[in-house]
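Descriptive structure summary
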Amino acid sequence: MIMRIFQVTIRPGKEKEFGRFFHGTAIPLMRGTKGIVEVLPGAPRPDTPREFSFVMIWENLASLKAFVGEDYTSPHIDPAEAELVESRSIRHYDLIESQ
């Protein structure tokens, strides 16, 4: 399985607007995406009020590519969030199963 960690920093003053998008669009979209085993959304903390994240566990690389395309190393951006986001990062890891 593939662990995909997506992190965004929101433009100053856009936190509430992005929060609505995150809770109303992004989380339901990812939870309903074929090939995702688990979605762990992360909301901002008081010391990092403009940072949101997702940890997604994908069945395999093929299912991830089916969702984002061949260039899976680039963040998949919804057009509704593009103007709200200052920066983003994406990382991938092989999941180590718990015993």
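Refer to the structure presented above.
Below, the structure is looked at part by part. Given the structure is predicted, the values throughout are model-derived calculations rather than measurements.

1. What about helix α1 (residues 15-31)?
Note on helix geometry: an α-helix contains 3.6 residues per turn, so any two residues three or four positions apart are oriented the same way. In α1, a bend of some 40 degrees at Phe 22 exceeds every other bend along the element. Three or more residues of α1 are buried, namely Phe 18, Gly 19, Phe 21, Phe 22, Ala 26, Ile 27 and Met 30. Elements in contact with the buried residues of α1: β1 (2-10), β2 (36-42), β3 (51-58), α2 (61-68) and β4 (85-94).

2. Here's the deal with α2
Listed in full, the buried residues belonging to α2 are Ser 63, Leu 64 and Val 68. Down the axis, α2 shows its buried residues gathered within 120 degrees of arc, on one side only. Pointing more than 90 degrees away from the buried face of α2 are the exposed residues Ala 62 and Ala 66. Looking at the buried side of α2, the elements it contacts are β1, β3 and β4. Regarding α2, its N-cap is Asn 60, as a side-chain oxygen of that residue lies 3.2 Å from the backbone nitrogen of Ala 62 further along. Looking one or two residues beyond α2, the residue adopting positive phi is Gly 69, at roughly 100 degrees.

3. Structural notes on the environment of Arg 20
Looking at the secondary structure, you find Arg 20 in helix α1. What makes Arg 20 exposed here is its relative accessible area of 57%. Remark: the alpha-carbon pair of Arg 20 and His 76, spanning 56 residues in sequence, is separated by 18 Å.

4. A closer look at the pairing of β1
In the sheet, β1 pairs with β3 via eight bridges, with the strands oriented antiparallel. The residue of β3 that forms the bridge with Ile 2 is Trp 58. Where β1 lies against β4, nine bridges are found, and the strand directions are antiparallel. Note that in β4 the partner of Ile 2 across the bridge is Asp 94.

Cut-offs applied
Residues numbered from 1 in each chain as written. Predicted model: local features only at pLDDT ≥ 70, side-chain atom pairs only at ≥ 80, totals over all residues. Heavy atoms only, no water. Bend = angle between axes of the 7 residues up to and from the residue. Helix = DSSP H or I, 4+ residues; strand = E, 2+ residues; numbered from the N terminus. Buried < 20%, exposed > 50% of the residue type's maximum accessible area, 1.4 Å probe, protein only. Contact = heavy atoms within 4.5 Å. Arc of directions from axis to C-beta. Polar contact = N/O pair within 3.5 Å; in protein donor to acceptor, adjacent residues only side chain to side chain. Pairing = 2+ DSSP bridges.

Scope: geometric values only; no functional claims are made or implied.
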